[in-house]
Amino acid sequence: MSGTSSTLRPPADAVAPVRHPDAPALGELLGAHYEHCFGCGGGQAHGLHLAARAGEGVKITAEFTVQTAHQGAPGLAHGGVLASALDETLGSLNWLLRTIAVTGRLETDFVRPVPVDTVLHLEAEVTAVAGRKIYSTATGRIGGPDGPVAVRADALFIEVKVDHFVDNGRQEEIQAAMNDPDQVRRARAFEVNP
């Protein structure tokens, strides 16, 4: 990405990311991390319903279809919705590291308009890790993995403890997520929210 701020450039002592041995298998659908997440949850009528799959190493692919409810200008996706899709895709990378992390910074380049009814294909990867900081990048293409680039982003995620959510979230929703008998869903509920 051109013009990336210095806060998104890994320091000299950053290390290459390492995929966790228990990360989802190549091609596996990651599923929603939380049913009510605007980005990936099925419980949001006007959400993105973004579907992400594990890629090789610390990469994922994802896609979503721009709906009428996602418009900014007539017939075109709202820039904030596209930024949300990038953030959701980048946040999903943390599942490959099996790390609870939140978005610290997101810089987005809007390259071309994205029409309603377009399928946006996203690719993301973790590029470096430095302590609690996770550096990543993503690209969104119109119509297919080889389509024209529409959006790009660089991000910095910060590893946090689950207390971050317990201390700051609405207690009834936190408790419901923590009481979920499905251990994987329970862990994923807290993986990428700010």
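Our structure is the block above this text.
Cut-off values and rules
- Residues numbered from 1 in each chain as written.
- Predicted model: local features only at pLDDT ≥ 70, side-chain atom pairs only at ≥ 80, totals over all residues.
- Heavy atoms only, no water.
- Phe/Tyr/Trp six-rings, centres within 6.5 Å; stacked < 30°, edge-to-face > 60°.
- Lys NZ or Arg CZ within 6 Å of the ring centre and 35° of its normal.
- Pairing = 2+ DSSP bridges.
- Helix = DSSP H or I, 4+ residues; strand = E, 2+ residues; numbered from the N terminus.
- Axes fitted to C-alpha atoms, helices over the stretch in contact; angles between N-to-C directions.
- Buried < 20%, exposed > 50% of the residue type's maximum accessible area, 1.4 Å probe, protein only.
- Contact = heavy atoms within 4.5 Å.

Here we take up the packing of aromatic side chains. For the coordinates displayed, the defined rule picks out zero aromatic pairs. The ring of Trp95 carries Arg98 above its face, with NZ or CZ at 4.5 Å from the centroid.

Across the sheet, which stays open at both edges, the six strands sit in the order β1-β2-β4-β5-β6-β3 with antiparallel pairing between neighbours. The strands lining the two open edges of the sheet, one partner per strand, are β1 (51–54) and β3 (101–110). Strand after strand, the sheet turns through a mean of 20° between neighbouring axes, direction not considered. As judged from the nine bridges shared by strand β5 (residues 133–142) and strand β6 (residues 149–159), these two strands associate in the antiparallel manner.

Excluding glycine, residues mostly have negative phi values, and the peptide bonds linking residues are mostly trans. The backbone phi angle of Arg98 is positive, close to 55°, even though this residue is not glycine. Residue classification places Arg98 among the partly exposed residues on the basis of a relative accessible area of 36%. At Asp117, a residue that is not glycine, the phi angle is positive and equals roughly 75°. By secondary structure assignment, the location of Asp117 is in the loop between β3 and β4 (119–130). The class for Asp117 is exposed, based on a relative accessible area of 60%.

Turning next to the environment of Arg141. When you line up the elements, Arg141 lands in strand β5. Spatially, the C-alpha atom of Arg141 lies 9.9 Å from that of Thr118, the residues being 23 residues apart in sequence. Excluding its chain neighbours within four sequence positions, the residues that come into contact with Arg141 are Val119, Leu120, His121, Asp146, Gly147, Pro148, Val149 and Ala150.

With respect to the helices and strands, the residue Cys40 is situated in the segment before β1. The exposure class of Cys40 is buried, given its relative accessible area of 11%. Cys40 has contacts with Ala32, His33, Tyr34, His49, Leu50 and Glu88, leaving out every residue within four places of it along the chain.

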